[in-house]
Amino acid sequence: LHLRRQLQAGVPSAEIEAELQRNVADTGSSMGLALLGFLYNDDGRYAEAIEVLGRVRDFPGPWSQMANVYQGLAFAHARLAQPARALDYYTKAAALDETADVLYNIGILAAKTGDDRRAIHSLERALERSPNLLSAYPALVAAYRRAGRAERAERLEAAFPQVLTQVKAEEHFHRGVQ
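Keep in mind the model is a prediction, meaning the values are calculated, not measured.

Undergrad: Outline the overall build of the protein, listing residues and values.
TA: What the protein contains, in helices and strands, is 10 helices and zero strands. Ordered by position in the sequence, the α and β elements of the protein form the string α-α-α-α-α-α-α-α-α-α. C-alpha atoms of the protein, sized along the principal axes, occupy 60 × 45 × 30 Å. In the protein, which comprises 178 residues, the share counted as buried stands at 37%. Here the contacts in the protein between residues at least 6 apart in sequence split such that 39% fall between residues at least 24 apart. Roughly 10400 Å² of accessible area belongs to the protein as shown, and the carbon and sulfur atoms make up 53% of that amount.

Below is the structure:
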């Protein structure tokens, strides 16, 4: 939270990086390593993010960030065009915290690696958890079509405009409330 405030306040990421590196060197902090890895991902330094996030050790209890660390590793591997490694880390993240976003990413990467059965399963579960996850709809329609399930693809395509209208209405409502 403090790191986010610093970034939002315009503190240069180089200063934050130096402080995190000092913290890790002095304390060996896994939280410091995790934050440094996230910073590297934000800066597009994916190989460095993988190296640093790979050194994080779990800190059990309510402060555990391993699901986020695995997502960070998956993100970096995906950006480096390593979909199989990214899929492995998203799977580890899902084992700890099966969110709609993680399931969506598993579905997308499964499709990229040619596993449409897994893509369909993960994208369906993502939509069960978050029916307003708009990007999952076209991905799932495409996976259905590749798997020869044209009827399911057509039903989902027919339902999409209603979901889109609902999402836009909710966004409009929330903007009005603010």
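Undergrad: Would you mind going over the pattern of salt bridges in detail, with residue names and values included?
TA: Within the structure shown, the criterion is met by 12 salt bridges. Linking Arg45 and Glu17 is a salt bridge whose minimum nitrogen-to-oxygen distance equals 2.9 Å. Of this pair, Arg45 sits in the loop between α3 (30-42) and α4 (46-53) while Glu17 is found in helix α2 (residues 13-27), placing the two residues 28 residues apart along the sequence. The exposure class assigned to Arg45 is partly exposed, which follows from its relative accessible area of 24%.

Undergrad: I'd like to hear about unusual backbone geometry, residue by residue, with values.
TA: Even without glycine at this site, Ala81 takes up a positive phi of about 60°. With respect to the helices and strands, the residue Ala81 is situated in the loop between α5 (66-79) and α6 (83-96). The exposed category is assigned to Ala81, whose relative accessible area is 62%.

Undergrad: So what about the side chain of Asp116? Which residues, and what values?
TA: By the element assignment, Asp116 lies in helix α8 (residues 116-129). The class of Asp116 is buried, set by a relative accessible area of 15%. Excluding residues that lie within four positions of it along the chain, Asp116 makes contacts with Ala111, Ala143 and Arg146.

Undergrad: Describe the packing of aromatic side chains, and please don't skip the residues or the numbers.
TA: In this structure the tally under the stated criterion is three aromatic pairs. Here the aromatic rings of Tyr137 and Phe160 are separated by 5.3 Å at their centres, their planes lie at 50°, and the arrangement is tilted. Of this pair, Tyr137 sits in helix α9 (residues 136-146) while Phe160 sits in helix α10 (residues 150-177), and the two are 23 residues apart along the sequence.

Undergrad: So, α8: which residues are in play, and what are the values?
TA: Helix length check: α8 (14 residues) gives 20 Å between terminal C-alpha atoms against 20 Å at 1.5 Å per residue, within 8%. Inspection of α8 places Asp116, Ala119, Ile120, Ser122, Leu123, Arg125, Ala126 and Leu127 among the buried residues, and these make up the whole buried set. Buried residues belonging to α8 abut α7 (100-112) and α9.

Undergrad: Mind laying out α7, listing which residues take part and the relevant values?
TA: Taking 1.5 Å of rise per residue, 13 residues should cover 18 Å, and α7 covers 18 Å from first to last C-alpha, within 8% of that figure. Gly114 sits one or two positions beyond α7 and adopts a positive phi of about 85°.

Undergrad: Run through the nonpolar core, naming residues and quoting values.
TA: By size, the foremost hydrophobic cluster in this structure holds 30 residues, and its most contacted members are Val56, Val69 and Leu73. Looking at this core, the elements that each hand over two or more residues are α2, α3, α4, α5, α6 and α7. Beyond its immediate stretch of four places on either side in the chain, Leu73 contacts Ile50, Leu53, Gly54 and Tyr89. In terms of nonpolar packing, the next biggest core, distinct from the first, is built from 21 residues, Ala119, Leu127, Leu140 and Val141 among them.

Rules and cut-offs
Per-chain numbering applies: the sequence of each chain, read as written, is numbered from 1 onward. Only residues with pLDDT of 70 or above have their local features reported here, since the model is predicted, and side-chain atom pairs are shown and tallied only from 80 upward, although totals for entire chains, interfaces and linings are computed over all residues. The side-chain quantities take in all heavy atoms of the structure and omit both hydrogens and water. The secondary structure listing takes helices from DSSP runs of H or I that are at least 4 residues long and strands from runs of E that are at least 2 residues long, numbered from the N terminus. Only protein chains enter the calculation, and the probe is 1.4 Å; a residue is then buried if its accessible area is under 20% of its type maximum, exposed if over 50%, and partly exposed in between. Contacts are assigned to residue pairs that have any heavy atoms within 4.5 Å of one another. The Shrake-Rupley method, run with a 1.4 Å probe, gives the accessible areas here. Residue values count only the displayed protein chains as cover. The salt bridge definition used is simple: a Lys or Arg side-chain nitrogen within 4 Å of an Asp or Glu carboxyl oxygen. Side-chain rings of Phe, Tyr and Trp, where Trp is taken by its six-membered ring, are said to pair if the distance between their centres is within 6.5 Å; with planes under 30 degrees apart they count as stacked, over 60 as edge-to-face, and otherwise as tilted. Expected helix span is taken as 1.5 Å per residue step, with the number of steps being one fewer than the number of residues. Put simply, buried Ala, Val, Leu, Ile, Met, Phe, Trp, Tyr and Cys residues joined by side-chain atoms within 4.5 Å make one nonpolar core.

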